[in-house]
Structure formats: C-alpha cells, structure tokens
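Survey of secondary and tertiary structure
Below are the chains, spelled out letter by letter.
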Amino acid sequence: MTDSDTLIATAKAMVAPGKGILAADESIKTCTKRFAEFGIESTETSRRDYREMMFRAPGVGEYVSGAILYDETIRQNAADGSRIVDVLKDAGVLPGIKVDTGAKPLAGAPGETITEGLDGLRDRLAEYREIGARFTKWRAVLSVSDEMPSRYCIETNAHALGRYAALAQEAGLVPIVEPEVLMIGNHDVQRCRAVTEQALQTTFEQMSAQRVLLEGIVLKPNMVISGSDCPRQATSDEIAELTLSTLREFVPPEVPGIAFLSGGQTGEEACTNLDAMVRRGGLPWELTYSFGRALQYPSLEIWGGSNVAEAQAALLHRARMSSLARSGRYSAGEERAAV
Ligand code: 13P
C-alpha cells in the first residue's frame, strides 16, 4: 500500500458503518475538572483507571472504531502492566492522539483564542506513531458573540489546522480536523450557521492550499444548533436541515467521513440530532460521532472511582445509542432499554 492508501484505509475504518469515535483526550486540567464535578480525585492513577475502565468495556469495539487519547494516557500502562495502546488494539479500537497543546489567547483579539502546538509537531508525530497512534486530533475553538469570531481568529485557526493536517498526513497519521463553533452564548441557530459556514469554508481553503489529501482526513464539526442561552432552541428537524445544508455546501465529497463533537449537548440530544441527519440520507460522506461528554456521561458519575462493571454498562449503553443514531435507527424506546 502507498502512504496515501494507508491514510485512506485508516480514515475509512474510523468512520466505518455502525461505528464512531470515543473522545477521551481531556487534558489533565479538563479531566480534573470533570472528575471534580463528581467528587473524584484526579491523580495519574485515577485518570488511568478511568480510561482503562472505558477501553475494557466488553464489546466496546462493536460501536467504537477509535479512541482519542491525551499524551499522558498514550504513554501509560494498564493496571496489569500491558500498554494502554495494546488494550485498545485488543478491543479492536484504533488509538488516536490529541496533538494540539490547547487554545491560548489570540494576540490583539480579547476573548478569542488560537490553538497552539505546531512547534516541534513533526517530531512529536513521529514519536506518537512509534508508540502506536494511527490518527490525531487538533481542535480550533471559535466563540460566538455579535462581534466574534473575527476574520482574524477564523483565518489564523484555519491556517493552523491546515499546517497540522499536512504534517499529520506526512507522518502517516489521519488528522481529525476540528473547527469547533462553541454553543455557549445566547446567539440563535442562524448565527451558528453563519459562523459554521465561514469556519468550514476557510478551513477547507487552507487544507487545499496546504495540499492536504481530503480522502485521508476526518472532519469533526459542531452541529448547527442554538446557543445554550438562546431563548428559542431549534428543533432537531431544524438542526438536521441547517447542519446538512451547511455541510453540503462546504464539505467536499472526497472527505470520507464527518464525526460530530457533542459540545455540551446531552447524550440523548446529540443522538436525536445525529439520527435526524442520518435518516435524511443521500449524503456523500459517512456521518458519525466523535463524542466526549455525550458518551462518557453518565458513566463517569457511576464509576465514581471504583464501580467498574456498572460504569462500563452505562458507557456501552451510550455507545450503542450513538451507533444506532449514526445508523438512523435511534429511538426513545431503545433509549429506555435497561442499562
Ligand atoms: P465533546 O463531545 O464533549 O464536545 O468532546 C469532543 C471533543 O473531543 C472536543 O474536542
């Protein structure tokens, strides 16, 4: 296989029918914050135990094609001494790695951020590949207000996404390209749509300028939804309609798959919306999930530091629901089935 063939095959496997991606790449700071919500102490070992609980959930590979890890996790061993990347491989799950180093204040643009991590990236990618990673993630963050995001913020972040994606492919790793329009705010769904359009258009312009092989990426966008404080929340029909028309306009058909982030939606909301899109059918790309919170909650709460079997059941329930949604077969009845 040529290098391009390998990238294409990996990207296809990541968005294979019935499957989606488990985002478990919270930084130590974010993981500590999530643990604190449920009174769980955050240590290197507790973070490892939590991730190991998810990766060892029986049959998780039936619904999950790949798991995105954080730097700490990809280097860790499981409790029995085997490497975490091998636990994933045994489960039939591709190991992935978040390679950005976070969203930092954007110079001269109060309230806006630029995602960093390009310095030394080529060497880090080579090391991650050696450890066993098959794909990568980089998340750009766009906040929404009347003035934000600025063109400056959209363009600098898209340029960085392009540079990252080209370097990841050079290293033989599929880039997940994530330009996230945040749902925090009181903006309406049309404003989210307008910002999402600009973000996608600029990101694809940059990927094309930087010679990224579109067949060898996975796009991870937000759904087009109302701001969390908007008094009028769009229905799932509206969300499906607006999200799909935006994606149709700006995402080239060469892209093998689109894996949505959940962005603060509950698992049920995210599944309802994904299901509504898939049911419309006739799309040139696979549509699936790359959920973090929408897969991990309420498993994290149930785990609480030690309830492994119950927490695995809760994770598998959300994973099965997400799999049904990405197949257009999700329903309230399935949701109520015993966890
Ligand atoms: P959420 O699904 O919780 O938004 O997380 C997905 C993710 O990886 C964000 O970068």
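Quick look at the structure, then. (Residues numbered from 1 in each chain as written. Predicted model: local features only at pLDDT ≥ 70, side-chain atom pairs only at ≥ 80, totals over all residues. Heavy atoms only, no water.)

A short note on the side chain of D275
Inclusion rule: Only DSSP runs of H or I reaching four residues or more are called helices, and only runs of E reaching two or more are called strands; each is numbered from the N terminus. It only takes one pair of heavy atoms within 4.5 Å for two residues to be counted as in contact.
With respect to the element layout, D275 can be found in helix α10 (residues 267-280). Once you skip the residues sitting within four places of it in the chain, D275 turns out to touch L324, A325, G328, R329 and Y330.

Some remarks on the layout of surface pockets
To keep things clear, this is the line we draw: In this analysis a 1.4 Å probe is tested at points of a 1 Å grid over the protein atoms alone, and where it fits but cannot get out there is a cavity; an open set with protein on both sides within 12 Å along at least five of seven lines is a pocket; lining residues have an atom within 4 Å of a point. Grid points are joined across faces, edges and corners, and a volume is the space filled by probe spheres set on the points. The classification used treats Ala, Val, Leu, Ile, Met, Phe, Trp, Tyr, Cys and Pro as nonpolar, Asp, Glu, Lys and Arg as charged, and all other residues, Gly among them, as polar.
Of the voids in this model, the largest pocket is the one considered here, and its volume is about 1,100 Å³. Lining of the largest pocket is provided by 38 residues; of these, S27, T30, R34, K98 and R139 occupy positions nearest its centre. Those elements that place two or more of their residues in the lining of the largest pocket are α2 (28-37), β4 (102-105), α6 (121-131), β6 (135-142), β7 (174-181) and β10 (286-291). Here the lining of the largest pocket gets four residues from one element, more than from any other, and that element is α2. Across the lining of the largest pocket, the residue classes break down as eleven nonpolar, eleven polar and 16 charged. A volume near 200 Å³ is recorded for the second largest pocket. Taken together, 13 residues form the lining of the second largest pocket, with T266, G267, Y297, P298 and R318 sitting closest to its centre. For the lining of the second largest pocket, the secondary-structure elements that each account for two or more residues are α10, α11 (293-296) and α13 (308-326). Here the element with the most residues in the lining of the second largest pocket is α13; it accounts for three residues. In terms of residue class, the lining of the second largest pocket is made up of five nonpolar, five polar and three charged.

Observations concerning the site of the ligand
Rules: Residue proximity to a molecule or strand is established when one non-hydrogen atom of the residue lies within 4 Å of it. Nitrogen and oxygen atoms within 3.5 Å of one another constitute a polar contact, given that in protein one can donate a hydrogen and the other can accept it, and given that sequence-neighbouring residues count only through two side-chain atoms. Each accessible area is a Shrake-Rupley estimate made with a 1.4 Å probe; only the visible protein chains count as cover when residues are assessed. To be counted as sitting in a cavity or pocket, a molecule needs more than half of its atoms within 2 Å of that site's grid points.
With respect to spatial proximity, 13 residues lie near the ligand, and among them K137, K220, S262, G263 and G292 are the closest. Between the ligand and K137, the relevant distance is 2.5 Å, taken from an oxygen atom to a side-chain nitrogen or oxygen of the residue. Taking E178, its side chain carries an N or O atom lying 2.9 Å from an oxygen atom of the ligand. Here the ligand loses 92% of its free accessible area of 300 Å² to cover by the protein chains. Judged by its atoms lying within 2 Å of the grid points, the ligand is housed in the largest pocket. Sorting the residues of the shell around the ligand by element identifies β6 and β10 as the ones contributing at least two each.

As for the sheet that holds strand β2 (residues 64-69)
Applicable threshold: When DSSP locates at least two bridges between a pair of strands, those strands are taken to pair. Whenever a helix is involved, its axis is fitted only over the stretch in contact; in every case the axis is a line through C-alpha atoms, and angles between N-to-C directions fall within 0 to 180 degrees.
Taken in spatial order, the eight strands of this closed barrel run β1-β2-β3-β6-β7-β8-β9-β10, and their pairing is parallel. Where strand β8 (residues 218-219) meets strand β9 (residues 257-260), two bridges bridge the pair, whose relative direction is parallel. Bridged to L219 within β9 is I258. Sheet strands touched by helix α8 (residues 189-209): β6, β7 and β8. Its angle to β7, the strand with the most contacts, is close to 150°.

With respect to the pairing of strand β1 (residues 20-23)
Look at any regular strand and the pattern is simple: side chains alternate between the two faces of the sheet. Note that β1 and β2 share four bridges and pair parallel. Paired with G20 across the two strands is V64, which belongs to β2. Pairing of β1 with β10, which is carried by two bridges, proceeds in the parallel orientation. When the sheet's bridge partners are listed, L22 is paired in β10 with F291.

Observations regarding the packing of helix α9 (residues 236-250) against α10
Selection criterion: For classification, angles of less than 35 degrees are called roughly parallel, those exceeding 145 degrees roughly antiparallel, those between 65 and 115 degrees roughly perpendicular, and all remaining angles oblique. The sense of a crossing depends on the near helix, which, turned anticlockwise from the far helix by less than a right angle, makes the crossing left-handed and, turned clockwise, makes it right-handed.
Two elements in contact, α9 and α10, have axes whose closest approach is 9 Å; the angle formed by their N-to-C orientations is 60°. It follows from the interaxial angle that α9 and α10 lie oblique. Classified by chirality, the crossing of α10 by α9 is right-handed. Across the interface between the two elements, S236, D237, I239, A240, E241, T243 and L244 from α9 touch T272, N273, A276, M277 and R280 from α10.

Brief notes about empty space enclosed by the protein
Tallied over the full model, the rule gives two cavities of 30 Å³ or more. Every residue lining the largest cavity is listed: E180, V181, L182, M183, C192, N222, M223, I225, L261, S262, G263 and Q265. In terms of residue class, the lining of the largest cavity is built from seven nonpolar, four polar and one charged. In terms of lining residues, the second largest cavity is bounded by A140, L142, I154, N157, A158, L161, P179, A199 and T203. For the lining of the second largest cavity, the elements supplying multiple residues, two or more each, are β6, α7 (151-170) and α8. For the lining of the second largest cavity, the element with the highest residue contribution is α7, accounting for four residues. For the lining of the second largest cavity, the per-class residue count stands at seven nonpolar, two polar and no charged.

Section: the pattern of salt bridges
Rule in force here: Should a side-chain nitrogen of Lys or Arg be within 4 Å of a carboxyl oxygen of Asp or Glu, the pair is scored as a salt bridge. In this scheme, a residue with accessible area under 20% of its type's maximum is buried, one over 50% is exposed, and one in between is partly exposed, where area comes from a 1.4 Å probe on protein chains only.
Under the definition given, this model contains 27 salt bridges. In this structure, the salt-bridge partner of E170 is R122, at a minimum N-O distance of 2.7 Å. Of this pair, E170 sits in helix α7 while R122 is found in helix α6, placing the two residues 48 residues apart along the sequence. Its relative accessible area of 48% is what places R122 among the partly exposed residues. Here the salt bridges do not stand alone but share partners, grouping D25, K98, K137, R139, E178 and E180 into one network.

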